[in-house]
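# Report on the structure
Listed below, chain by chain, are the residues.
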Amino acid sequence: MLLPDNGTGFRFDPQSFQYAFNPDVSIRRVVREEDSPPILVGEEWVTRSDQVDRLHELEEQRQRSRIPVLVWGIVLLSLSLLLMRSVTTGFSPFMSRYSPFTPAEPASTHTVLNQP
C-alpha cells in the first residue's frame, strides 16, 4: 500500500494477502493412547512389534545366506598360490603358449650394425 508519510513523501507498507489456490492448512496433533499403533505396510496394517519381528526374521535369513568369510579367505589364498606358481615357472601372458620357436638372442651382426 502506498501511504502518505507525514507530509514529507510517501511510504510503502506491504499488505498480506493470500492466493485462492493456496488455502490455509490446519494442523491437528494426534496423540495415540496405544503403545503400538498400527502401521500400513504395503496393503496390510500391522503393529510395530509385528513389523520388528518381520525385520529380524529377514535379517536372520540374510545372514544365513551369506558366504562365510573363511570361504572367501580360502578362495583368495588359492588364487594367490596359482598366481605365484605361474610367476615362478616363467609364465608370461605375452608369450605364445603354442609357438614352436623359442626366443633367442639376435645374431651378432645385427647388434653390430645397429650400434652408432
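Refer to the structure printed above.
Residues numbered from 1 in each chain as written. Predicted model: local features only at pLDDT ≥ 70, side-chain atom pairs only at ≥ 80, totals over all residues. Heavy atoms only, no water.

### Examining the pairing of strand 2 (residues 9-12)
In this structure, strand 1 (residues 2-5) lies alongside strand 2, joined through 4 bridges in antiparallel fashion. Within strand 2, the residue paired with L2 across the bridge is F12. The hairpin turn running from strand 1 into strand 2, its antiparallel successor, is 3 residues long, and N6 in that turn takes a positive phi close to 50 degrees. (Pairing = 2+ DSSP bridges. Helix = DSSP H or I, 4+ residues; strand = E, 2+ residues; numbered from the N terminus.)

### Here we look at the pattern of salt bridges
Within the structure shown, the criterion is met by 2 salt bridges. Between R11 and D13 there is a salt bridge, and its shortest N-O distance comes to 2.4 Å. Judged by relative accessible area, which is 36%, R11 ranks as partly exposed. Judged by relative accessible area, which is 27%, D13 ranks as partly exposed. The shortest N-O distance in the salt bridge between E44 and R54 comes to 3.2 Å. Taken as a pair, E44 in strand 4 (residues 44-46) and R54 in helix 1 (residues 48-65) lie far apart in primary sequence, 10 residues in all. Residue classification places R54 among the partly exposed residues on the basis of a relative accessible area of 33%. (Salt bridge = Lys/Arg side-chain N within 4 Å of Asp/Glu carboxyl O. Buried < 20%, exposed > 50% of the residue type's maximum accessible area, 1.4 Å probe, protein only.)

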